[in-house]
Amino acid sequence: MAGPLIRPKVAELVFRLYDRPLHPELFEVLSCRAIARDGYTLFVRLTRTGHVLAWTDGQIHLEEIIATGEMELPESGRRLGYDFDAGRNARCTLPGGVRYHVSSQLEQLPLEQFQHVHEELAADGEKKGLVFHCKTGNRLGPSPLGVVIVQTVSDGLSATAFHTFPDELAIIKTQSLIEW
């Protein structure tokens, strides 16, 4: 029987975007789904630290990651990188006219509000996307949650990810838009 899954502290997390594939073995994947349509494939992987979104059209590749700063991630191919200490907006353009935009924010909420939002995210994740409940040793409080919801938009796709940190009453949200 596996022990509890420990989620890192928010202060330990980093956001990275690469323009090349990374080895999936670098990440402890808890849940995975592949979406293939309209000439592209998106792999959505929920991890202990957050998520890995890997998008490709066969020529261009994007890999978005939430990981810990101590993970040995390569520098080559890195297009964006930052900590989750504040809200951020970033963008980059890749060959072939592919445009990538990301907006991220960290919210710390009062206990009652956190519990309400956590429950709503769990329900939305079950209905609309990929969700993973990280089991912890705390039987009384909510377990950390990872949710990714992907939607197609005109000439692109949008991926919204939520990761909850009950011990810190914190939620990290990223919204990524890939347009071609």
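Small disclaimer: the values here were computed from a predicted structure and weren't measured. In every chain, residue numbers begin from 1 and rise along the written sequence. Selection of residues for local features in this predicted model requires a pLDDT of at least 70, selection of side-chain atom pairs for listing and counting requires 80 or more, and totals for whole chains, interfaces and linings are taken over all residues. Values reported for side chains reflect all heavy atoms of the structure, with hydrogen atoms and water molecules removed beforehand.

Observations concerning the environment of Ala-67
Numbered from the N terminus, helices here are DSSP runs of H or I no shorter than four residues, and strands are runs of E no shorter than two. Considering the arrangement of structural elements, one finds Ala-67 in strand E5 (residues 61-68). Between buried and exposed lies partly exposed: a residue is buried under 20% and exposed over 50% of the maximum accessible area for its type, with that area taken using a 1.4 Å probe on protein chains only. Residue class for Ala-67 comes out buried when judged on its relative accessible area of 0%. Spatially, the C-alpha atom of Ala-67 lies 9.2 Å from that of Pro-8, the residues being 59 residues apart in sequence.

Brief notes about the pattern of salt bridges
Salt bridge, as applied in this entry: a Lys or Arg side-chain nitrogen positioned within 4 Å of an Asp or Glu carboxyl oxygen. For the structure on display, the rule yields five salt bridges. The salt bridge involving Glu-75 is made with Arg-78; its shortest N-O contact spans 3.5 Å. Among the residues examined, Glu-75 registers a relative accessible area of 57% and is labelled exposed. Here Arg-78 falls in the partly exposed class, since its relative accessible area comes to 31%. Close ionic contact of Glu-179 with Arg-99 constitutes a salt bridge, the shortest N to O distance being 3.6 Å. With Glu-179 in strand E12 (residues 170-179) and Arg-99 in strand E8 (residues 98-108), the pair connects residues that are 80 residues apart, well separated along the chain. Judged by relative accessible area, Arg-99 falls into the partly exposed class, the value being 34%.

Thoughts on the sheet that holds strand E3 (residues 40-47)
In this analysis, strands are considered paired if DSSP registers two or more bridges between them. In space, the six strands of this open sheet follow the order E2-E3-E4-E5-E1-E6, with antiparallel pairing throughout. Only two strands of the sheet have a single neighbouring strand rather than two, namely strand E2 (29-37) and strand E6 (78-83). On average, each strand axis in the sheet is inclined to that of its neighbour by 10°, with strand direction left out of account. Sheet topology note: the strand E1 (residues 13-18)/E6 ladder contains five bridges and is antiparallel. In the sheet register, Phe-15 faces E6, and the bridge partner there is Tyr-82. What counts as an axis is a line fitted to C-alpha atoms, over the stretch in contact for a helix, and the angles between N-to-C directions run from 0 to 180 degrees.

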